[in-house]
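Here are the chains, one letter per residue:
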Amino acid sequence: MKFLFSAFLLLLVAIGASAQTSVTWSGQAASIVYQHCTPCHRPGEIGPMPFTNYQEASAYASMISFTVQSGYMPPWQPDHNYSPLLGQRVMSQQEIQTIQDWVQQGALRGDPATEPSMPNYPIGSQLGQPDTVISMAQAYLHQGNNQDLYRVFVLPTNLNVAKKIKAIEFRAGNKSIVHHAILGIDVTGQGRQRDSLAPGYGYTQFFGFGFTPTEDNWYGWAPGAAAKYFPANIGKNLPAGADILVQMHYAPTSVAQTDSSSINLFYDRDNQVTRLEQITAISPMDLMNGPFVIPANTVRTFKGRMRVSTDVSLLSIFPHMHLIGKNWKVYAVKPGNDTVNLISIPEWDFNWQGFYYFPRLIKLPANSWIYAEATFDNRASNPNNPNTPPQPMSWGENTTDEMYLCYFGFVPYQAGDENIALSQDDAQNVLKISNKLYPIFPNPAANRVNIGFQLNHAGNIQLQVTDLQGKVVGQVHAGHYEPGQHILPFDCSSLSSGQYLVQLVTNQGSITQKLIKQ
Ligand code: HEC
């Protein structure tokens, strides 16, 4: 009996072990890495090494395991247990465990035949074809001196009428150095003036623009951020003749590199926008325990508050401090004493900041209070302290000054706002983006052509070439694609001369374009 029992145990152990060894790249790990890591860890993006296939990922297996286990990767500063935020980069416990198991068991490949292919990331836009693209006038050379650089560029829109904006998409030109961008709007001409006075293209400024422009926090972008679109009848204003100010943070690099970034703007195509997002902020003037001074060798927590005077719907939040900032906690207390958590950033990192959006509009009735608590560590033991030895710090725009600012994007409340969600699908509806197949280029063609298309949803597609009778004569690609614009090359040199159709098949039907083979 005892023998039987231990045999049974052994059998269980054996089953357990075989279940454990079953975690492979092909089976489980690839799709997790492609979803959570590859958006930044691929050529041209900000992740320092690519994870676009088994070889690349398995070479870093133990570092992948370490960074995922510690929560260092994927980077996401806010505490997702405190409040949900749109586009949060958070892995489930199960996904984290699967990665641990994969690495612990030797980071095996599994069966290459069942390996999922890497998703095809959008080119040009995540949303579709923009109404206008505003680009830097020239490429900027970021020196290879291993220093951060904060530089403002002034981009004229050359618009002679005001526009309402439904979506904004910042496109980092050189994604391996652009670490964040804060956009402002200026009709005062002061941005242009500063640019013309400073040597080179743009001017250097640690944070903000060095003056108060017409709108100083129009949009904020950090790596991995999705395009910003406004739900329902909400939008942004772009005044006639405005310049877009782009405050760029270039990350340190050891080799000189150029960047030429651009901004895709999507207009309010059907005049739906009746409400403009407004920005307000909690600042040192709102402190309950001011003044805003952090003596040398101290840790100080400040608490400020702002009364909400009429019913509002909150869209977004952007806490901002400089280098010795440690953490943020921001919440609202409604008149009945209900607390609404807005954001908690337990470990502030100056390099990852920007607007965070709520998954739904948050209604705050009149006479609610918004509280913002922030801690600063001005001791020598803080490795981010810019002063050695520590100096008293207070409000200012320089690296060696500090800031306490929490911006809020809001609109006056309207009935039904609580039900407005800010999902990616919403953007597709709002912008009325359709699936599109662009005319083939060049056409007629002898060998290589470019096939451009736009998708309104992520999904499986087929792109193929048929003869005029509909018989498939060439496969361009089949697989999973993200929403947005994509371009694929196709070599038609093996086709005989004549007319063909390029066909894009999605689950919403098929679209064709003519192709003439020379
Ligand atoms: C939003 C962009 C982004 C995403 C998503 C992302 N990373 Fe990173 N990763 C970075 C950047 C930027 C760095 C380099 C700067 C740093 O270490 O913070 C980095 C660094 C790393 C490093 C090197 C760490 C070191 O100490 O040198 C590893 C390993 C890594 N990432 C793994 C991952 C894994 C695994 C995932 C997915 C679970 C992931 N990353 C997702 C941007 C990203």
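Residues numbered from 1 in each chain as written. Predicted model: local features only at pLDDT ≥ 70, side-chain atom pairs only at ≥ 80, totals over all residues. Heavy atoms only, no water.

A.B. asks: Explain the site of the ligand residue by residue, including any values.
C.D. replies: Looking at the ligand, there are 21 residues lining it, with Cys37, Cys40, His41, Tyr72 and Met73 nearest. In the model, a nitrogen atom of the ligand is placed 2.8 Å from a nitrogen or oxygen of the His41 side chain. Residue composition of the shell around the ligand, grouped by class: 16 nonpolar, four polar and one charged. (Near = heavy atom within 4 Å. Polar contact = N/O pair within 3.5 Å; in protein donor to acceptor, adjacent residues only side chain to side chain. Nonpolar A, V, L, I, M, F, W, Y, C, P; charged D, E, K, R; others polar.)

A.B. asks: Please set out the domain arrangement of the protein residue by residue, giving values where relevant.
C.D. replies: The figure often quoted for interface size is the accessible area lost as the parts come together. As assigned here, the protein comprises domain 1 (2-114), domain 2 (132-276), domain 3 (278-429) and domain 4 (436-517). In this structure, domain 3 and domain 4 have C-alpha centres spaced 48 Å apart. (Domains from an automatic or database assignment.)

A.B. asks: Give me the environment of Thr98: which residues, what numbers.
C.D. replies: With respect to the helices, strands and loops of the structure, Thr98 is situated in helix H5 (residues 93-104). For Thr98, a relative accessible area of 14% puts it in the buried group. Spatially, the C-alpha atom of Thr98 lies 9.8 Å from that of Ser65, the residues being 33 residues apart in sequence. When residues no more than four places from it in sequence are discounted, the contact partners of Thr98 are Val23, Gln28 and Ile32. (Helix = DSSP H or I, 4+ residues; strand = E, 2+ residues; numbered from the N terminus. Buried < 20%, exposed > 50% of the residue type's maximum accessible area, 1.4 Å probe, protein only. Contact = heavy atoms within 4.5 Å.)

A.B. asks: Please give an account of the environment of Phe66 that cites residues and values.
C.D. replies: Turning to its location among the elements, Phe66 is positioned in helix H4 (residues 61-69). What makes Phe66 exposed here is its relative accessible area of 59%.

A.B. asks: Break down the coordination of the iron atom of the ligand for me, with residues and values.
C.D. replies: Those protein atoms acting as donors to the iron atom of the ligand are His41 (NE2) and Met73 (SD), and they sit at 2.1 to 2.3 Å. Geometry at the iron atom of the ligand is octahedral, judged from its six donor atoms and the angles of 84 to 178° they form at the metal. Pair noted here: His41 is in the loop between helix H2 (25-36) and helix H3 (54-59) and Met73 is in the loop between H4 and H5, with a separation of 32 residues, a long-range link. (Donors = N, O, S within 2.8 Å, 3.2 Å for Na, K, Ca; no water. Tetrahedral: all angles 85-135°; square planar, octahedral: opposite > 155°, others 65-115°.)

A.B. asks: Let's hear about the sheet that holds strand E16 (residues 299-307): which residues, and what values?
C.D. replies: Judged by pairing direction, the sheet is antiparallel, and its four strands sit side by side in the order E16-E21-E18-E19 without closing on themselves. The outermost strands of the open sheet, each flanked by one partner alone, are E16 and strand E19 (339-345). For this sheet, the mean inter-axis angle between neighbouring strands, taken without regard to orientation, is 15°. (Pairing = 2+ DSSP bridges. Axes fitted to C-alpha atoms, helices over the stretch in contact; angles between N-to-C directions.)

A.B. asks: Help me get a handle on the packing of H4 against H5, residues and values and all.
C.D. replies: Two measures define how a pair of helices packs: the angle their axes make with one another and the distance between the axes. In the contact formed by H4 and H5, the axes pass within 9 Å of each other and the chain directions differ by 155°. Comparing their axes, H5 and H4 come out roughly antiparallel. In this structure, H4 crosses over H5, and the sense of that crossing is left-handed. Residue-level contacts link Ala61, Ser62, Ile64, Ser65, Val68 and Gln69 of H4 to Ile96, Ile99, Gln100 and Val103 of H5. Looking at the contact of H4 with H5 residue by residue, the classes come out as six nonpolar, four polar and no charged. (Parallel < 35°, antiparallel > 145°, perpendicular 65-115°, else oblique. Left-handed = near helix turned anticlockwise from the far one by under 90°.)

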